[in-house]
Amino acid sequence: MGNKQVKQHFETAKKTGVLKISLLRLDEFPSALKTFPNVLKTLDISENRFTILPDDIAKFTILKHLNASGNKIAVVPECIGVLVKLETLNMMNNLLTAVPRSLSSCTHLKQVILSNNQINAFPVVFCELKQLDLLDLSRNKITEVPPEVKSLQVTELNLNQNQITIIAEEIADCAKLKTLRLEENCLQISAIHPRILIESKICNLCVDGNLFNSKQFNELQGYDVYMERYTAVRKKIS
């Protein structure tokens with residue numbers, strides 16, 4: 001990207017609070033970011049070749065939307081916790097293996113998309129975020145959904161295409177969870193606890209592509225209770 005083009009992007013961002021430098025094959029952050037005023041509300045650095053998210057990002061304390069998808073970032077810096085106004089975080093298609101504890105400070109987060117990374121343990125830090133509505137952890141390497149998940153406030157949790165063999169029955173205690181996506185994992189039919197079908201608010205449970213068939217699923221204790229919720233929602237939509 002030429003200097004003239006860089007300058008234009010940054011000049012526009014000073015007026016709009018929106019900086020979009022995606023699809024530019026960048027592997028280093030423009031030096032202008034170091035001296036850029038704290039006016040950014042949206043930062044889109046997607047589809048580049050970045051390997052790190054620099055600590056300089058911490059100065060953009062009014063940032064609401066951060067899109068760093070489609071890079072080669074392996075670590076989210078602890079300083080991201082300073083971005084307390086952040087509402088959406090998209091880091092899909094990177095090389096993340098974990099997320100920092102400091103994300104618990106980002107109490108305004110509503111959507112987090114971390115699909116297609118290398119995360120191998122369920123990030124329980126998200127269970128502390130009261131406004132989080134959507135959490136997408138699909139296409140990672142998660143093997144277990146732990147009991148802490150009961151505190152999640154999301155309405156949709158996407159865990160498709162992981163390596164999950166264990167789901168804590170406490171997921172039935174999620175106060176708002178309506179859609180749970182578990183397709184293409186390593187679940188045996190015994191991993192679907194009856195409480196999930198009987199006591200939860202889940203009305204869209206997606207389990208295709210696991211180690212059981214639809215007949216086994218339909219015969220589970222509580223399946224009829226789940227189907228009542230499923231059907232009721234479908235009637236409202238139609």
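From a predicted model like this one, the values you see are computed outputs, not experimental measurements. (Residues numbered from 1 in each chain as written. Predicted model: local features only at pLDDT ≥ 70, side-chain atom pairs only at ≥ 80, totals over all residues. Heavy atoms only, no water.)

K.L.:
Teacher, can you tell me more about the overall build of the chain here?
P.N.:
Along the backbone of the chain there are five helices and eleven strands. A total of 238 residues make up the chain; the buried ones form 48% of that total. Per element, the accessible surface of the chain, about 11,700 Å² overall, is 50% carbon and sulfur. Counting 29 positive and 25 negative side-chain charges, the chain places the averaged centre of each group 9 Å from the other. (Helix = DSSP H or I, 4+ residues; strand = E, 2+ residues; numbered from the N terminus. Buried < 20%, exposed > 50% of the residue type's maximum accessible area, 1.4 Å probe, protein only. Areas by Shrake-Rupley, 256 points an atom, 1.4 Å probe, with all protein chains shown as cover. Lys, Arg positive; Asp, Glu negative; His and termini not counted. Charge placed at Lys NZ, Arg CZ, Asp CG, Glu CD.)

K.L.:
How should the domain arrangement of the chain be read in this particular structure?
P.N.:
By a frequent convention, interface size equals the accessible area lost on bringing the separate parts together. With domains assigned, the chain is organised as domain 1 (1–118) and domain 2 (123–136 + 144–237). Centre-to-centre, using C-alpha coordinates, domain 1 lies 31 Å away from domain 2. Facing the 15 residues of domain 1 at the interface are eleven residues of domain 2. Broken down residue by residue, the surface that domain 1 buries against domain 2 is led by Arg 101, Lys 110 and Val 112, which jointly contribute 36%. For the salt bridge of Arg 101 with Glu 128, the shortest nitrogen-to-oxygen distance reads 2.8 Å. Residues that form the side of domain 1 that touches domain 2 fall into these classes: eight nonpolar, five polar and two charged. (Domains from an automatic or database assignment. Contact = heavy atoms within 4.5 Å. Buried area = accessible area lost by both parts, 1.4 Å probe. Salt bridge = Lys/Arg side-chain N within 4 Å of Asp/Glu carboxyl O. Nonpolar A, V, L, I, M, F, W, Y, C, P; charged D, E, K, R; others polar.)

K.L.:
I'm lost on the nonpolar core in this one. Help?
P.N.:
What tends to happen in soluble globular proteins is that the nonpolar side chains get buried as a cluster. The biggest cluster of nonpolar side chains holds 71 residues, and the ones touching the most others in it are Phe 126 and Leu 157. Among the secondary structure elements, those contributing two or more residues to this core are helix H1 (3–16), helix H3 (194–198) and helix H5 (223–237). Looking at this core, the element that brings in the most residues is H1, giving three residues. Domain assignment of the residues forming this core places at least three in each of domain 1 (1–118) and domain 2 (123–136 + 144–237). Beyond its immediate stretch of four places on either side in the chain, Phe 126 contacts Val 99, Leu 103, Val 112, Leu 114, Leu 132, Leu 135 and Leu 152. (Core = buried A, V, L, I, M, F, W, Y, C linked by side-chain atoms within 4.5 Å.)

K.L.:
I tried to follow the pattern of salt bridges on my own but got confused; where do I start?
P.N.:
Opposite charge on two side chains allows them to pair when their charged atoms are near. The full count for this structure, using the stated rule, is nine salt bridges. A salt bridge links Lys 14 to Glu 11, with the nearest nitrogen and oxygen atoms 3.6 Å apart. Residue Lys 14 and its partner Glu 11 are both found in helix H1; the two are separated by three residues, about one turn of the helix. We note a salt bridge from Glu 199 to Arg 195, for which the minimum N-O separation is 2.8 Å. Residue Arg 195 is classed as buried on the basis of its relative accessible area of 16%. Linked by salt bridges that have partners in common, Glu 169, Asp 173, Arg 195 and Glu 199 make up one network.

K.L.:
In this structure, what is going on with H5? I would like to understand it.
P.N.:
Given 3.6 residues to a turn, an α-helix orients residues that are three or four positions apart in the same direction. Here H5 contains 15 residues, and its C-alpha end-to-end distance of 21 Å stays within 8% of the 21 Å for a straight helix at 1.5 Å per residue. Listed as buried for H5 are Tyr 223, Tyr 226 and Arg 229. For H5, the angular spread of the buried residues around the axis is 125 degrees, confining them to a single face. Seen from the open side of H5, the exposed residues pointing more than 90 degrees away from its buried face are Asp 224, Glu 228 and Lys 235. Buried positions along H5 lie against H3, strand S11 (204–206) and helix H4 (214–218). (Expected span 1.5 Å × (residues − 1). Arc of directions from axis to C-beta.)

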